[in-house]
Amino acid sequence: MLEPLNHVDTWDRVSAERALNRRLEGGCQVPIAAYALLEDNDTLWLRGLVGAVDGTQILRVEGRAPRSEGERLGRELAEDLLALGADKVLAEIYGHTPR
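Here the structure is a predicted model, which is why all the values come from computation and not from measurement. (Residues numbered from 1 in each chain as written. Predicted model: local features only at pLDDT ≥ 70, side-chain atom pairs only at ≥ 80, totals over all residues. Heavy atoms only, no water.)

Chemist: Can you explain the overall build of the protein? Please cite residues and give values.
Modeler: Counting its secondary structure elements, the protein contains 2 helices and 3 strands. For the protein, the succession of helices and strands along the chain, N to C, is α-β-β-β-α. For the C-alpha atoms alone, the extent of the protein along its principal axes is close to 40 × 30 × 20 Å. Taken across its 99 residues, the protein has 37% of its residues classed as buried. In the protein, once contacts between residues fewer than 6 apart in sequence are set aside, the share between residues at least 24 apart is 49%. (Helix = DSSP H or I, 4+ residues; strand = E, 2+ residues; numbered from the N terminus. Buried < 20%, exposed > 50% of the residue type's maximum accessible area, 1.4 Å probe, protein only. Contact = heavy atoms within 4.5 Å.)

Dropping the structure here:
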């Protein structure tokens, strides 16, 4: 019944963004950003960011993948952010390192 309301282009972009956010255990109070665009109708371009609350550190990543692999791309970019030091930034906010 709800299928006609699903916009596939939006779903694919949001799925990639949410996968990044979920891996970093993001919520409304955490300085995490993810933004996906569709290029040439088949490629997702995802950008991610983690920032320190005081703005002293901002970590950025980006990547591209076929739209069918958006969730994998989101998880991989989250791992890239963690490798850049987002785990330390987020540990200060959460009181623990994202699993």
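Okay, back to it.
Chemist: How would you summarise the packing of helix α1 (residues 8–23) against helix α2 (residues 70–94) if you had to cite specific residues and measurements?
Modeler: At a minimum axis distance of 7 Å, the contact between α1 and α2 shows a crossing angle of 35°. Helix-helix and strand crossings are classified by hand; for α1 and α2 the assignment is right-handed. Here S15, A16, A19, L20, R22 and R23 of α1 come into contact with α2, specifically with G70, E71, G74, R75, L77, A78, E79, L81 and L82. (Axes fitted to C-alpha atoms, helices over the stretch in contact; angles between N-to-C directions. Left-handed = near helix turned anticlockwise from the far one by under 90°.)

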